[in-house]
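Listed below are the residues making up each chain.
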Amino acid sequence: MKPLYRALFVACLLSSSHAQSQVPGSLSGNQSADPSRNVILIIGDGMDEQQLTIARNYLRGAAGRLTLDKLPLRSVAQVLTIEDRVEGKPVYVADSANTATSLATGVVTSRGRLATTAGSDEDIPTIAELALRAGYRAGVVTTASVTDATPAAFAAHLSYRLCENPTLVDRIEYNGIHLGGCPQDARQRGGPGSVAEQLADSKLHVILGGGRKHFAVTAAGQQQTVLQQAAASGFQLVTTPEQLATARPEGRLLGLFAQGTLPVRLQGENGREAEQPDPSLLNRVHGYLGDVALPAAMSCEPNPGNVGIPTLRQMTDIALARLSADNPRGFFLMVESASIDKQSHERKPCGSIGEVEQLDEALESALNFARKHPNTLILVTADHSQAAQLIPHVSLYASYPIPIYTPGYLARITTPEGSVMDINYATTTFMMEEHTGAAVPLYANAAGRGKVPSYVTQPEIFHIMRAYLGL
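This one's a predicted model, so the numbers in the text were calculated from it and none came from an experiment. (Residues numbered from 1 in each chain as written. Predicted model: local features only at pLDDT ≥ 70, side-chain atom pairs only at ≥ 80, totals over all residues. Heavy atoms only, no water.)

> Which residues make up the overall build of the protein chain, and what values do they have?
Within the protein chain, the secondary structure is distributed over 15 helices and 19 strands. Rg of the C-alpha trace for the protein chain: 23 Å, near the compact-globule value of 23 Å for 471 residues, within the 12% margin. Seen through its principal axes, the protein chain has C-alpha atoms that stretch 70 × 50 × 50 Å. Per-residue burial for the protein chain yields a buried fraction of 56% across its 471 residues. Of the contacts formed within the protein chain by residues at least 6 apart in sequence, a portion of 75% connects residues at least 24 apart. In the structure as shown, the protein chain presents an accessible area of about 19100 Å², 54% of it carried by carbon and sulfur atoms. (Helix = DSSP H or I, 4+ residues; strand = E, 2+ residues; numbered from the N terminus. Rg over C-alpha atoms; globule rule 2.2 N^0.38 Å. Buried < 20%, exposed > 50% of the residue type's maximum accessible area, 1.4 Å probe, protein only. Contact = heavy atoms within 4.5 Å. Areas by Shrake-Rupley, 256 points an atom, 1.4 Å probe, with all protein chains shown as cover.)

So, in C-alpha cells, the structure goes:
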C-alpha cells in the first residue's frame, strides 16, 4: 500500500464524524449503530438529459415517465476534471475513468486515471474498499467488461485505464498507434498490476459483467491465467445466465458473460446507425442552392447478438441477493449500464435507448429491494454527458427556400407513437463521437431525503455514500 493510500484511509476513518457534519444533509453520528445499512449506486455511463429524453420519448412516449422519473429526489452533479499534474487547471470535458474515480473516492483527478491522483500518481481508497474494511460486503455489476473504467475505478488503482490485463500494462497499441501504458504499475516492477489482476485479488464479493478475454491471459510472473488466479483467491466463475441462476449461494462470485462488452439490447433497423445528409452537387457549390437528401427514418429492433446474455436486472437481482444474505452489516453495490455511452460513441441511438431501459429495469430491482430493506440508499447518476442531440424533425426555418440540414450525423427514428425523432451527432469528424461537458442528473430514493442537496459536485456523492454507511 502506497504511503498516501495509507494516510488517506486513516484520514477517512478518523474524519468520518467531521465529514458527517460538513457534508450537506449528512446523518448524525449515531447512524453507524444501525445493524444493516446498504448503498446502491447506479451509474448510466453517458446518461445525460439528452439521452434520457430520447429514451423516454421512445420507451414511454413524450408524456410518459421512466421509473427514474418517479424517484422522490432530483439533483444535479457538476463534473470536475483537472490536468494530469498535482496542481492541474480545470478540464471541462471528462472521461469515464476520472469521473468514476470522483464517485468512488471523492477526489478530482485527470482523464484516464483509476483511483489515483493527478500528477503524483498516488493510490486513493475507494468507497468499496472502505466499506469492505469496515465489515460491509461490496460488489460491482456492469454491462461493460468488468475491467472497464467505471467498475475498475471502484476496486483498482492505475495511472491509465486501458491497462486492463497483463499484456497491456507496458505498452498499448492499436493498428500500430501507440496509445500509452502504465509500466510503473506492472507487478514485476512492484506495482499493483493490471485491472484484471487487481480484481482477481480483490475482496469484492460479487463481480458481474463482461471481459473474459482479459482474464484468459497469463498473470504477470505466474504460470496461471488471471482467471485461475481469481479462482485461487476464492471466486466462483460463471459464464452463462443458467450458471448465474444456479451458482452455489455461498462464497464470492465472478460472472463473465462475454469476451468484452455485453451485446446491447436494441439496434437500428438492419444494424443502421446515424448517417450524414447527402447534399446535391449544386448544394456543394453553394449552400443556398440545390437540395439535400436526409437519411430515411428507421425503427429500433432487438439485437440478435443479445440472445443468451443476462440482463442488467438479472445481474442486479443476483448481486443484491448474495450481498444481503445472512449479512447484518450491509453492503455497497455499484451497478452500471455502460453502453448508453458506448453506443453514443458509435452514433447508434437505438442501442443507447435500450441501455437506458436496462438501467431503468435495474432500478426497479433496487427499489423492490429497498422496500424490504428500508435502510437502503439508492443513488442514480451519470459519470459524464455524451454526444446525441434531439433536434427538430422539421426545421423551424423550413419555410425559407434553401436547404437546411445538420452538418453532423443524423438518425431519424420512427417511435411507437408514430412520430419521427431526429437525433444528431456532431462533436467530431473522427470515427467516434466525443463526450460533452454538461452537468449530469442525480436521483435518490426516499432514504436520501435530507442527505442529497439540490446541487452537488461529483466528488460530494462519495461523501454522501460514506456518511450513510458511517465510514
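Having seen the structure, we can now continue with the description.
> How would you explain the state of the cysteines if you had to name every residue and give the values?
Taken as a whole, this structure holds two disulfides when the rule is applied. Here C163 pairs with C182 through a disulfide, and the sulfurs are 2.0 Å apart. Here C163, found in the loop between α6 (149–152) and β4 (172–174), pairs with C182, found in the loop between β5 (177–180) and α7 (195–201); they are 19 residues apart in sequence, far enough to count as distant. Owing to a relative accessible area of 0%, C182 belongs among the buried residues under this scheme. (Disulfide = S-S within 2.5 Å.)

> For helix α3 (residues 49–59), give the residues involved together with the corresponding values.
Because an α-helix packs 3.6 residues into every turn, residues spaced three or four apart end up facing the same way. Burial of α3 is extensive: eight of the eleven residues sit out of reach of the surface. The N-capping residue of α3, defined by a side-chain oxygen 3.2 Å from the backbone nitrogen of Q50, is D48. Immediately downstream of α3, the backbone of G61 shows phi near 95°, a positive value. (Polar contact = N/O pair within 3.5 Å; in protein donor to acceptor, adjacent residues only side chain to side chain.)

> Outline the sheet that holds strand β6 (residues 206–210), supporting the account with residue identities and numerical values.
Sheet architecture is open: ten strands sit in the order β7-β8-β6-β3-β13-β1-β14-β18-β2-β19, paired in mixed fashion. Either end of the sheet is taken by a strand with one partner, and the two such strands are β7 (235–238) and β19 (455–457). Pairs of neighbouring strands in the sheet enclose a mean axial angle of 15°, with direction left out of account. With seven bridges connecting them, strand β1 (residues 37–44) and strand β14 (residues 376–382) associate as parallel partners. Pairing of N38 across the sheet is with T376, part of β14. (Pairing = 2+ DSSP bridges. Axes fitted to C-alpha atoms, helices over the stretch in contact; angles between N-to-C directions.)

> Give me the lowdown on the pattern of salt bridges, citing residues and values where you can.
Summed over the entire model, instances satisfying the criterion amount to 21 salt bridges. Between R85 and E83 there is a salt bridge; the shortest N-O distance is 3.5 Å. With relative accessibility at 26%, the residue E83 sits in the partly exposed group. When the shortest N-O distance is used, the salt bridge between D148 and R161 registers 3.3 Å. A residue pair is termed long-range when its members are at least 10 positions apart, and D148 in the loop between β3 (137–145) and α6 and R161 in the loop between α6 and β4 qualify at 13 residues. Each member of the salt-bridge network shares a partner with another, and the members are D95, D148, R161 and K342. (Salt bridge = Lys/Arg side-chain N within 4 Å of Asp/Glu carboxyl O.)

> Can you break down the packing of helix α12 (residues 312–324) against helix α14 (residues 349–372) residue by residue, with the values?
The contact between α12 and α14 brings their axes to 8 Å, and the two run at 25°. On the basis of the axis angle, α12 is roughly parallel to α14. Crossing hand, α12 versus α14: right-handed. Of α14, the residues touching α12 (which contributes L312, R313, T316, D317, L320 and S324) are Q358, L359, E361, A362, E364, S365, A366, N368 and F369. Classifying every residue of the contact of α12 with α14 gives six nonpolar, five polar and four charged. (Parallel < 35°, antiparallel > 145°, perpendicular 65-115°, else oblique. Left-handed = near helix turned anticlockwise from the far one by under 90°. Nonpolar A, V, L, I, M, F, W, Y, C, P; charged D, E, K, R; others polar.)

> Outline the side chain of H345, listing residues and values.
Tracing the chain through its elements places H345 in helix α13 (residues 339–345). Within the structure, the side chain of H345 is placed 3.2 Å from the side chain of Q386, a separation counted as a polar contact. If we skip the residues at most four places from it in the chain, H345 touches Q386, M431, M432, E433 and H435.

> Give me the lowdown on the UniProt feature "binding site: Zn(2+)" (unreviewed entry) in the protein chain, citing residues and values where you can.
Residues annotated in UniProt with the feature "binding site: Zn(2+)" (unreviewed entry) correspond here to D45, D341, H345, D383 and H384. Summarising the element assignment, H384 is placed in the loop between β14 and β15 (389–391). H384 has contacts with D45, G46, M47, V79, D95, S96, T99, D341, H435 and V440, leaving out every residue within four places of it along the chain. One polar contact links H384 to S96, side chain to side chain, over a distance of 3.0 Å. (UniProt positions renumbered as here; feature names shortened; annotations may be inferred.)

> Outline the packing of aromatic side chains, listing residues and values.
A full pass over the atoms with the stated rule returns three aromatic pairs. Geometrically, the ring pair formed by F154 and F332 is stacked, given 5.8 Å between the ring centres and 25° between the ring planes. Pair noted here: F154 is in the loop between α6 and β4 and F332 is in strand β13 (residues 330–337), with a separation of 178 residues, a long-range link. On the basis of relative accessibility, which here comes to 0%, the residue F154 falls in the buried class. (Phe/Tyr/Trp six-rings, centres within 6.5 Å; stacked < 30°, edge-to-face > 60°.)

> Describe the domain arrangement of the protein chain, and please don't skip the residues or the numbers.
Splitting the protein chain by domain gives domain 1 (40–265 + 303–394 + 433–469) and domain 2 (273–299). A separation of 39 Å is found between the C-alpha centroids of domain 1 and domain 2. (Domains from an automatic or database assignment.)

> I'd like a rundown of the sheet that holds strand β16 (residues 409–414), residues and numbers included.
Consider a sheet: its strands pair through backbone hydrogen bonds, and that pairing is either parallel or antiparallel. Spatial strand order, β15-β17-β16: three strands in an open sheet with antiparallel pairing. In the strand order of this sheet, the two ends are held by β15 and β16, each with one partner. For this sheet, the mean angle separating the axes of adjacent strands, direction not counted, is 35°. Strand direction decides the pairing type here: β15 and strand β17 (residues 420–425), joined by three bridges, are antiparallel. Bridge pairing links I391 to D422 in β17. Across the sheet, α3 lies against β15, β16 and β17, angled at about 55° from β15, the strand it touches most. This element, α14, spans β16 and β17 of the sheet and lies at about 60° to β16.

> Which residues make up the environment of Y443, and what are the values?
Relative to the assigned elements, Y443 resides in strand β18 (residues 440–444). The spacing of Y443 and E361 is 82 residues in sequence and 15 Å in space, taken between C-alpha atoms. Other than its neighbours up to four places away in sequence, Y443 contacts L52, L68, D69, L71, L73, R74, I378, L379 and V380. Reaching out from Y443, the side chain makes a polar contact with the side chain of R74 at a distance of 3.5 Å.

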